[in-house]
Amino acid sequence: MRVRDCMSENVVTITPEESAALAARLMTRHNLGVLAVCDYHGKLQGVVTDRDIITRCVAVDQDPSRVPEIPLAGIMSAQVEAIAPEENAQAATERMARKQVRRLPVVEAGKLVGVVSLNDLARNRKTEMEAAQALCEISGNVKKRK
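Not measured: the values here are computed from a predicted model.

Conventions we followed
- Throughout this description, residue numbers start from 1 for each chain and increase along the sequence as written.
- Only residues with pLDDT of at least 70 are given local features in this predicted model, and only at 80 or more are side-chain atom pairs given and counted; all residues enter the totals for whole chains, interfaces and linings.
- Each side-chain value is derived from all of the structure's non-hydrogen atoms; neither hydrogens nor water enter the calculation.
- Residue exposure (1.4 Å probe, protein chains only): buried if accessible area is under 20% of the type maximum, exposed if over 50%, otherwise partly exposed.
- Secondary structure elements are defined from DSSP: runs of H or I of at least 4 residues count as helices, runs of E of at least 2 residues count as strands, and each element is numbered from the N terminus.
- Here, strands pair whenever DSSP counts at least two bridges between them.
- Working definition of a nonpolar core: buried Ala, Val, Leu, Ile, Met, Phe, Trp, Tyr and Cys residues. They are joined through side-chain atoms within 4.5 Å.
- We call two residues in contact when some of their heavy atoms are within 4.5 Å.
- Under the rule applied, a polar contact is a pair of N or O atoms within 3.5 Å (in protein, one hydrogen donor and one hydrogen acceptor; residues adjacent in sequence only if both atoms are side-chain atoms).
- The rule for a salt bridge is simple: a side-chain nitrogen of Lys or Arg has to be within 4 Å of a carboxyl oxygen of Asp or Glu.

Visitor: Is there a simple way to explain the pairing of strand S3 (residues 44-49) in this structure?
Guide: A regular strand carries its side chains on alternate faces of the sheet. Taking burial as the measure, the six residues of S3 include five buried ones, the bulk of the element. One ladder, built from five bridges, connects strand S2 (residues 34-38) with S3; its direction is antiparallel. Directly across from Leu35, in S3, lies its bridge partner Val48.

If you want it as structure tokens, here you go:
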């Protein structure tokens, strides 16, 4: 099974110039924990998580009233692991486990085309065992193999 067959194509994106406050509102509105940060041409620039907003804005002694002014470019994770839509779904679970992430942006020809999550993979019989293993490794319930 390919990543394309199980990824979500409906991805909420935001630009790096937008504020942390707007990102938080979008996450709340769409019930998300992560947003893809893309330029105006759809090229993936990074991701921002609800945890990024808390740890890089609020918890570092920033004045909470300033959060609406803080641009995402300063708090997003720019080094993002991505995967191609034609790659094998098992490769996605292995990469998630190795990188300790629950979602991978799916990039084709330099542009974001979707996101694949452990949940997407767990819902498919062909990859549910690999997804469960990856979740265990991410959660720290299984000692890493050498």
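Visitor: How should I be thinking about the nonpolar core in this particular structure?
Guide: Nonpolar side chains tend to gather and get buried jointly when the protein is soluble and globular. Core analysis: the biggest nonpolar cluster contains 14 residues, and Ile14, Ala23, Leu35, Val48, Ile53, Leu72 and Ile75 have the highest contact counts within it. Looking at this core, the elements that each hand over two or more residues are helix H1 (20-30), S2 and helix H2 (50-58). Ranked by the residues each element gives to this core, the list is headed by H1, at four residues. The contacts of Leu72, once residues within four sequence positions are left out, are Ile14, Thr15, Pro16, Glu18, Ser19, Ala20, Ala23 and Val48. Met7, Met96, Leu104 and Val116 belong to the second largest nonpolar core, which has twelve residues in total.

Visitor: Can you help me understand the pairing of strand S4 (residues 103-108) in this one?
Guide: Sheet analysis places S4 next to strand S5 (residues 111-117), joined by six bridges and oriented antiparallel. Bridged to Val107 within S5 is Leu112. In sequence, S4 turns back onto S5 through a hairpin of two residues, with Ala109 there showing a positive phi of about 50 degrees.

Visitor: Explanation requested: the side chain of Arg95 in the structure shown.
Guide: Examined against the element boundaries, Arg95 turns out to sit in helix H3 (residues 89-99). Overall, Arg95 belongs to the buried group, its relative accessible area being 14%. Of the polar contacts made by the side chain of Arg95, one reaches the side chain of Glu81; its length is 3.4 Å. Once residues within four sequence positions are removed from consideration, Arg95 is found in contact with Glu81, Ala82, Ile83, Glu87 and Leu104.

Visitor: Quick question: what am I supposed to make of H3 here?
Guide: Along H3, the residues that are buried comprise Ala89, Ala92, Thr93, Arg95, Met96 and Ala97. Sitting at the amino-terminal end of H3 is Asn88, which places a side-chain oxygen 2.6 Å from the backbone nitrogen of Gln90.

Visitor: I tried to follow the pattern of salt bridges on my own but got confused; where do I start?
Guide: Note that side chains of opposite charge can pair when their charged atoms are close. Counting across every chain of the model gives eight salt bridges. For Asp5, the salt bridge goes to Arg2, with nearest N and O atoms at 3.1 Å. Of the residues examined, Asp5 reaches a relative accessible area of 46% and is grouped as partly exposed. Between Glu86 and Arg2 there is a salt bridge, with the nearest N and O atoms lying 2.6 Å from each other. Of the two residues, Glu86 is situated in the loop between H2 and H3 and Arg2 in the segment before strand S1 (13-14); the sequence distance between them amounts to 84 residues. On the basis of relative accessible area, Glu86 is assigned to the partly exposed category, the value being 41%. Take Arg2: its relative accessible area is 33%, and that puts it in the partly exposed class.

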